[in-house]
Amino acid sequence: GLTLLNLVGALFAPISLLMLPSVAHALARSDRAGVVREVQRTRNGTFIIALAMVLLFMPLSGPLLNWYVGSAPPGLVDACRILFSAALFYALFIALRSLLDAWFVQARNSINILWALALFSAGAAAYLFVWPVRGFLLALVPLSFLLLAALTWREVHALLRTLKAGGPLPTTAGTNTGIAP
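Draft legend 1. Here's a closer look at the overall build of the protein. When helices and strands are tallied, the protein shows 6 helices and 0 strands. In sequence order, the secondary structure elements of the protein are arranged as α-α-α-α-α-α. Taken over the C-alpha atoms alone, the protein extends approximately 55 × 35 × 20 Å along its principal axes. Counting every position in the protein, which comprises 181 residues, the buried fraction comes to 40%. Accessible area of the protein: about 9600 Å², with a carbon and sulfur share of 71%. Side-chain charges of the protein comprise 12 positive and 5 negative groups, with the mean position of each set lying 4 Å from the other.

Spelled out as structure tokens, the structure:
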């Protein structure tokens, strides 16, 4: 399941890498509409493609995993389905993180990752000491990626609101001049 998530990350990483210079260039030209357009296009495309991947994987996971690993051990298909449900959230984070890198000097992505890690760690501790249910442990992965995507989306949405309202642009690439934490 985690190998499949890595594949999703590898698929969407070029999108993020391409968006960073595009957004930085639009910001340097004070092209608010260009930044908003680029981010919305990236967000919408990522959402549609990643959702389609998740929806296609769910019914095909049994035959795919049996083909890939031979005879899939009991529980593997369900575990992979649970883990792969995080693909949508992971793809959104991967694709949109470049906007935060282009705008902020602060390590916003790192902070968001630390919050997701804290959720996963707290859940793992609960699994070890309180509720040792395998499904709970597996669900922590998509829940942590959901938090990561939600925090990233919150930051991106605030930036888009600022840009649409004609708020301040960074004075130099990567410098925040007006977005509240």
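Draft legend 2. Focus on the side chain of serine 98. Relative to the assigned elements, serine 98 resides in helix α4 (residues 87-103). On the basis of relative accessibility, which here comes to 4%, the residue serine 98 falls in the buried class. Beyond its immediate stretch of four places on either side in the chain, serine 98 contacts Ser16, Leu17, Met19 and Leu20.

Draft legend 3. Up close: the pattern of salt bridges. As enumerated under the stated definition, the model contains 5 salt bridges in all. A salt bridge links arginine 29 to aspartate 31; its shortest N-O distance comes to 2.9 Å. The shortest N-O distance in the salt bridge between arginine 41 and glutamate 38 comes to 2.7 Å. Here arginine 41 pairs with glutamate 38, and both are found in helix α2 (residues 32-69), just 3 residues apart, close to one helical turn. Three or more residues are tied together by salt bridges with common partners; here these are Arg108, Arg154 and Glu155.

Draft legend 4. Just the nonpolar core, in detail. Counting residues in each nonpolar core, the largest one holds 26 residues, and the members touching the most others are Val8, Phe12, Phe84, Ala87 and Ile94. For this core, the elements supplying multiple residues, two or more each, are α1 (2-28), α2, α3 (76-84), α4 and α6 (134-164). It is α4 that provides the largest number of residues to this core, a total of 7 residues. With 18 residues, the next largest nonpolar core counts Leu27, Val39, Phe104 and Leu163 among its residues.

Draft legend 5. Representation of α4 in the model. Under the 1.5 Å per step criterion, the end-to-end length of α4 is 25 Å for 17 residues, consistent within 8% with the ideal 24 Å. If you look at α4, its biggest bend is around 35°, right at leucine 96. The element α4 is extensively covered by neighbouring structure, given that 14 of its 17 residues are classed as buried.

Draft legend 6. Representation of the packing of α4 against α6. In contact at an axis separation of 9 Å, α4 and α6 are set at 40° when each is read in the N-to-C sense. By the angle class used here, α4 and α6 are oblique. Handedness of the crossing formed by α4 with α6: left-handed. Every residue of α6 that contacts α4 at Phe89, Tyr90, Phe93, Leu96, Leu99, Leu100 and Trp103 is listed here: Pro142, Phe145, Leu146, Leu148, Ala149, Thr152, Trp153, Glu155, Val156, Leu159 and Leu163.

Criteria and thresholds
Residues numbered from 1 in each chain as written. Predicted model: local features only at pLDDT ≥ 70, side-chain atom pairs only at ≥ 80, totals over all residues. Heavy atoms only, no water. Helix = DSSP H or I, 4+ residues; strand = E, 2+ residues; numbered from the N terminus. Buried < 20%, exposed > 50% of the residue type's maximum accessible area, 1.4 Å probe, protein only. Areas by Shrake-Rupley, 256 points an atom, 1.4 Å probe, with all protein chains shown as cover. Lys, Arg positive; Asp, Glu negative; His and termini not counted. Charge placed at Lys NZ, Arg CZ, Asp CG, Glu CD. Contact = heavy atoms within 4.5 Å. Salt bridge = Lys/Arg side-chain N within 4 Å of Asp/Glu carboxyl O. Core = buried A, V, L, I, M, F, W, Y, C linked by side-chain atoms within 4.5 Å. Expected span 1.5 Å × (residues − 1). Bend = angle between axes of the 7 residues up to and from the residue. Axes fitted to C-alpha atoms, helices over the stretch in contact; angles between N-to-C directions. Parallel < 35°, antiparallel > 145°, perpendicular 65-115°, else oblique. Left-handed = near helix turned anticlockwise from the far one by under 90°.

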